[in-house]
Structures are given as C-alpha cells and as structure tokens.
Amino acid sequence: MKASVYYSKNDIRYEDLPVPELEEGDILLQMKSCGLCGTDIHKALHQTVTGPVVLGHEVAAEVVKVGKRVTRFRPGDRVVTAIHVPCFTCHYCDRGHYTLCEQFKPTHIEPGGFAEYIRLPELHVKHLTHKIPQEMSWEKAAMVEPVGCCLHGLKQAKISSGCSVLVMGCGTIGLLSAQLSAMMGAAKVIVSDLSPFKLELALRLGINHAINPARDDLEAQIQDMTDGFGVDVVIIAAGVSSLLPQAINLLRRGGRVVVFSPFDHHNMVNIDAGRFFRDEISVIGTYSLSPYEMPEAIEILRLNKINVDDMITHHYPLSQLTEAIEFAANPANDVLKIIMKMD
Ligand SMILES: [Zn+2]
Ligand SMILES: [Zn+2]
C-alpha cells in the first residue's frame, strides 16, 4: 500500500509500506479522507517527532477486514475514529481526566492516517470507533475528530445561554469553537485574527463579529461590545503565548480563558495575577478529546448544527502531503482546512 511517510522537515516520501496485519480484535480500514491538522503541520515543520512516521489522525474510512473476535463492525461499514485511548481505570481516568491517562498518548493507529490502509487495535475498535450515517460525506466525517477536540475544551468553558465568547485565532479550531459556542447558546460570539480571508470566512459561517487587531483596537472593541464588562469566555486558538495576558485583560469578572494551543514548554508570559483572587477568573488548558466526545461530534455534524463544509477550502491527494503542508503553512495563501483524499 502507499503512504506519505514523514522522515524530516524537507523529506516526506510517498512510498510503499506493508498492509498492517490484524490481531483477532483488530479491524483494517481503507482510508477515504484524512484532515491535515495544525498539529501535523507543526510536527512536520518544527520536527517535534522523529521519522520515519506516518502522521494524520482525523480519520474517515471504510472497514475492509475484521479480526475473528470483532462483532460490532463488518466490511463495508463507514467509520470514524480517533488515535488515543485512555485506560478508564487509572488515577486520572477515575477523575475524568482521560486525556492525561498514562496510556493515552502511547496508544496509536497503525501506521497513521496518511496511508491507504490503517489497522485499528482492539482498544480503538472498542472505545473510539463509530459508524457514520450513509449520507455523511467522507470529508465531513474527517471533521468529527477536530469537532470532538473543541467540544472537549468548550465543556470546561461552561458556556451558558446569553454569554459572550471571544475566540482568538480563526484557524480550524477557532472557527469550530466559535460555531460550537453559538450552538451552545452564546449570545455574542466574537473572533479575532490577522487574516482578512479568515475573518471574512468567519462572518460567512454566521459569526456575529470579526475583528482584525492589526486594524482595530481589540480591547476597545470588546469593552464597547460588552458594556465595559469584558467577555465571559476567551478561547485562545492561535499558537502565540502573548495572547494569554491579553485574554486575561479582556475577561469580565468571573470569566474563563480556555487555552487550546500547543505553546512550547517553559514559554513564560506575564499575567495580571491579581485577577484570580480579586475577580475569580480561571485559566483552563485543554488538549485532544476523550472517547465520550466522538458520538457527540458525529451527532452535531449529522444534524448540521454547524457548518464545516465551507471550512474545507482545499483537497490534496495522498501523494502530495509535502505540497499540502507547504501550502497550509504559507500565510500568503487563503486556506483554512485541507483534507487529504484517498477515495
Ligand atoms: Zn488534530
Ligand atoms: Zn487511565
């Protein structure tokens, strides 16, 4: 089978790999669509993983073979899955922090989503894999995993009806989070980004307010829109840690910042620490998703509660992963979500 294998920054090879062998509890999937995630691009360009490795985790695929002990799936089923499975019994899992489970990160699909076929180990089959409706397109199905990740973060933001939300950064995570906030009842959803293309897209997706901080004074606008109170929730969905102090300044008393960005380790920032005691604000970190968000994400997309179709701006064949990453990483390009297509 073919796969796009990452070796190092400027070396991704479209090459032959053996089709993975199945154990009795596993299933083999034929990949149809796989989203190119910001974390894939980050891993490839900043070399935070050592090759050879097959990236890709936003999987939409068809079951082609099942192990002897598998009863829940059969060839022909259309499915989505995620890549990490918690153990459900450890210290963290007991407390509902599934993404912090020791078993979470080491669990993986084989070899990765940017391949023609992948093996799902038994744990993935049991806990993370779900059938999708016949009418859901493959590319839409590839958005289930990122939607699940955003739900995971937003649950902790405690969005209630009538509240105000600012999303900093209009990439895939930002625009999904903005739409999901509105779906959850937020009365005022504001997004900020430096890209006119992304701001325009945000408005097209139904977001109320789109602000370009290079042109307008973000702080003044937020004060204006919230009668001087600040917003209830800020979601940081851009990899710029200096947004954190700014986000804290934009919060109303009792407000919450959700950080959904892979800042580097020991990346220090100065914040107004007085606001925690005085104003009871919170800063919440979020990463990945738990198994419980997958069915919710499928349901949201099945019911078209948010618009993901217009977020998908480009498609690339599996053989052109290098080109896709270069295109996505160039700020001069009008691009949001890229889907790698195998069907
Ligand atoms: Zn992702
Ligand atoms: Zn665990």
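None of the values given here were measured: they were computed from a predicted structure.

All told, the structure shown has zero disulfides when counted by the stated rule. Between Cys-150, a cysteine without a disulfide, and Cys-149, which holds the nearest cysteine sulfur, the sulfur-to-sulfur distance is 6.7 Å. You can see Cys-163 has no disulfide; the closest cysteine sulfur is in Cys-150, sitting 16 Å from it. A relative accessible area of 5% places Cys-163 in the buried class.

In this section: the pairing of strand S3 (residues 27-36). Burial analysis of S3 places nine of its 10 residues in the buried class, the great majority of the element. As defined by bridge partners, S3 adjoins strand S4 (residues 58-66) across eight bridges and the pair is classed as antiparallel. The residue of S4 that forms the bridge with Met-31 is Ala-61. Summarising the sheet, S3 and strand S6 (residues 117-120) pair through four bridges and their orientation is antiparallel. Bridging across to S6, Leu-28 finds its partner in Arg-119. Here S3 pairs with strand S15 (residues 337-341) via four bridges, running antiparallel. Of the residues in S15, the one forming a bridge with Cys-34 is Met-340.

Moving on to helix H12 (residues 321-329). Every buried residue of H12 is listed here: Leu-321, Ala-324 and Ile-325. The buried residues of H12 all sit within an arc of 95 degrees when viewed along its axis, so they share a single face.

Quick look at the coordination of the zinc ion (ligand 2) now. The protein atoms donating to the zinc ion (ligand 2) are Cys-87 (SG), Cys-90 (SG), Cys-93 (SG) and Cys-101 (SG), with metal-donor distances spanning 2.3 to 2.4 Å. Taken together, the four donor atoms coordinating the zinc ion (ligand 2) and their angles of 104 to 116 degrees define a geometry best described as tetrahedral. Mapped onto the sequence, the donors of the zinc ion (ligand 2) take the spacing C-x2-C-x2-C-x7-C.

This brings us to the pattern of salt bridges. Evaluation of the coordinates by the stated rule reveals 19 salt bridges. When the shortest N-O distance is used, the salt bridge between Arg-278 and Asp-272 registers 3.7 Å. Arg-278 sits in the partly exposed class, given a relative accessible area of 47%. Using a relative accessible area of 34% as the deciding quantity, one classes Asp-272 as partly exposed. Residue Arg-302 is joined to Glu-299 by a salt bridge in which the shortest nitrogen-to-oxygen separation is 2.6 Å. Linking Arg-302 with Glu-299, this pair stays in helix H11 (residues 293-302), spanning three residues, or about one helical turn. Accessibility expressed as a relative area gives 38% for Arg-302, which makes it partly exposed. The network of salt bridges with shared partners includes Arg-253, Asp-272, Arg-275, Arg-278 and Asp-279.

This part takes up the coordination of the zinc ion (ligand 1). The reference angle at a metal is 109.5 degrees if four donors form a tetrahedron and 90 or 180 degrees if six donors form an octahedron. At the metal site, the zinc ion (ligand 1) is ligated by Cys-37 (SG) and His-57 (NE2), and these contacts range over 2.1 to 2.4 Å. One end of the pair, Cys-37, is in the loop between S3 and helix H1 (38-46); the other, His-57, is in the loop between H1 and S4, and 20 residues separate them in sequence. With a relative accessible area of 7%, His-57 lands in the buried category.

Conventions we followed
Residues numbered from 1 in each chain as written. Chains lettered and ligands numbered in written order. Predicted model: local features only at pLDDT ≥ 70, side-chain atom pairs only at ≥ 80, totals over all residues. Heavy atoms only, no water. Disulfide = S-S within 2.5 Å. Buried < 20%, exposed > 50% of the residue type's maximum accessible area, 1.4 Å probe, protein only. Helix = DSSP H or I, 4+ residues; strand = E, 2+ residues; numbered from the N terminus. Pairing = 2+ DSSP bridges. Arc of directions from axis to C-beta. Donors = N, O, S within 2.8 Å, 3.2 Å for Na, K, Ca; no water. Tetrahedral: all angles 85-135°; square planar, octahedral: opposite > 155°, others 65-115°. Salt bridge = Lys/Arg side-chain N within 4 Å of Asp/Glu carboxyl O.

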